[in-house]
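# Fold and geometry: a report
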Amino acid sequence: MDTLHIMINRFINLTYRLHTRIMTLNDNYEMSFNDKQLHFLVIGLFGVALFLFVYLLFKLLEKMHMTIVSAWIYTFTVLVGITFAIEIAQGYSHTGIMEFADITAGLKGFFLMSFIMVIVIATYELIKHLIIKAFKKD
């Protein structure tokens, strides 16, 4: 086997194990999430975590005024690749049905969760600005 084939098989094996573990947790805790909901949650949370990592990395490597936009675009691009790879791995390993709807569900999760993150950060920055402004008047 060539190296690429080995890497693909390892990724498929990892995806299979993660998928099985998540489905087991879903069943054991009687959460009753369907496949689309799980894709929404898992990809959304993974996407936000990846975004935060990429943002910090870009901030350390570059001193750009638009770093957050670069990090979001990069994260989105990586997530598109990852979601496609997950679907391909599910089809290859017969652990799920390959559906484009799963990809869009996962990416919608990232859009919503990153939007919430932006709202939280903007609210924090606004409150910080107002507090600093209030103390400067005294």
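Please refer to the structure placed before this passage.
Residues numbered from 1 in each chain as written. Predicted model: local features only at pLDDT ≥ 70, side-chain atom pairs only at ≥ 80, totals over all residues. Heavy atoms only, no water.

## Quick notes on helix 3 (residues 67-93)
What counts here: Counting from the N terminus, the helices are the DSSP runs of H or I reaching at least four residues and the strands are the DSSP runs of E reaching at least two. For a helix, the expected span equals 1.5 Å multiplied by the number of residues minus one. Think of it in three bands: residues with accessible area under 20% of the maximum for their type are buried, residues over 50% are exposed, and the middle band is partly exposed, with areas taken using a 1.4 Å probe on protein chains only.
The terminal C-alpha atoms of helix 3, which comprises 27 residues, lie 38 Å apart, in line with the 39 Å expected from a rise of 1.5 Å per residue. Listed in full, the buried residues belonging to helix 3 are Thr 67, Ala 71, Thr 75, Leu 79, Thr 83, Ile 86, Glu 87, Ala 89 and Gln 90. Positive backbone phi, at 60°, marks His 94, one or two positions downstream of helix 3.

## A look at the nonpolar core
Quick reminder of the rule: Among the buried residues, those of types Ala, Val, Leu, Ile, Met, Phe, Trp, Tyr and Cys that are joined through side-chain atoms within 4.5 Å form a nonpolar core. Whether two residues are in contact is decided by their heavy atoms, any of which lying within 4.5 Å being enough.
Of all hydrophobic cores here, the largest spans 14 residues; its most connected members are Val 48, Phe 51, Val 54, Leu 79 and Phe 110. Sorting the residues of this core by element identifies helix 2 (35-61), helix 3 and helix 4 (100-137) as the ones contributing at least two each. The element that contributes the greatest number of residues to this core is helix 2, accounting for six residues. Ignoring anything within four residues of it in the chain, the contact list for Phe 51 reads Ile 68, Ala 71, Trp 72, Thr 75, Phe 110 and Met 117.

## Description of the packing of helix 2 against helix 3
To keep it simple, the criterion reads: To define axes, lines are fitted to C-alpha atoms, for helices over the stretch in contact only, and angles between the resulting N-to-C directions are given on a 0 to 180 degree scale. Any angle between 65 and 115 degrees counts as roughly perpendicular, while under 35 counts as roughly parallel, over 145 as roughly antiparallel, and the rest as oblique. Take the far helix as the reference: if the near one is turned anticlockwise from it by less than a right angle, the crossing is left-handed, and if turned clockwise, right-handed. Three classes are used, and their members are as follows: Ala, Val, Leu, Ile, Met, Phe, Trp, Tyr, Cys and Pro are nonpolar, Asp, Glu, Lys and Arg are charged, and the others, Gly among them, are polar.
At their nearest, the axes of helix 2 and helix 3 sit 8 Å apart, and the two run at 140° to each other. Judged on the interaxial angle alone, helix 3 and helix 2 are oblique. Where helix 2 crosses over helix 3, the two elements pack in a sense that is right-handed. Classifying every residue of the contact of helix 2 with helix 3 by side-chain character gives 15 nonpolar, seven polar and two charged.

## Quick look at the pattern of salt bridges
Where we set the bar: A pairing counts as a salt bridge when a side-chain nitrogen of Lys or Arg comes within 4 Å of a carboxyl oxygen of Asp or Glu.
Taken as a whole and judged by the stated rule, the model has three salt bridges. Lys 36 is the salt-bridge partner of Glu 99, the closest N and O atoms lying 2.8 Å from each other. Taken together, the residues Glu 99 in the loop between helix 3 and helix 4 and Lys 36 in helix 2 connect sequence positions 63 residues apart. When its relative accessible area of 28% is taken as the criterion, Lys 36 is described as partly exposed. Glu 125 serves as the salt-bridge partner of Lys 128, at 3.4 Å between the closest nitrogen and oxygen. Of this pair, Lys 128 and Glu 125 are both found in helix 4, three residues apart, which corresponds to roughly one turn of the helix. Relative accessible area serves as the criterion here: at 35%, Lys 128 is assigned to the partly exposed category. Judged by its relative accessible area of 37%, Glu 125 is partly exposed. Each member of the salt-bridge network shares a partner with another, and the members are Lys 36, Glu 99 and Asp 102.

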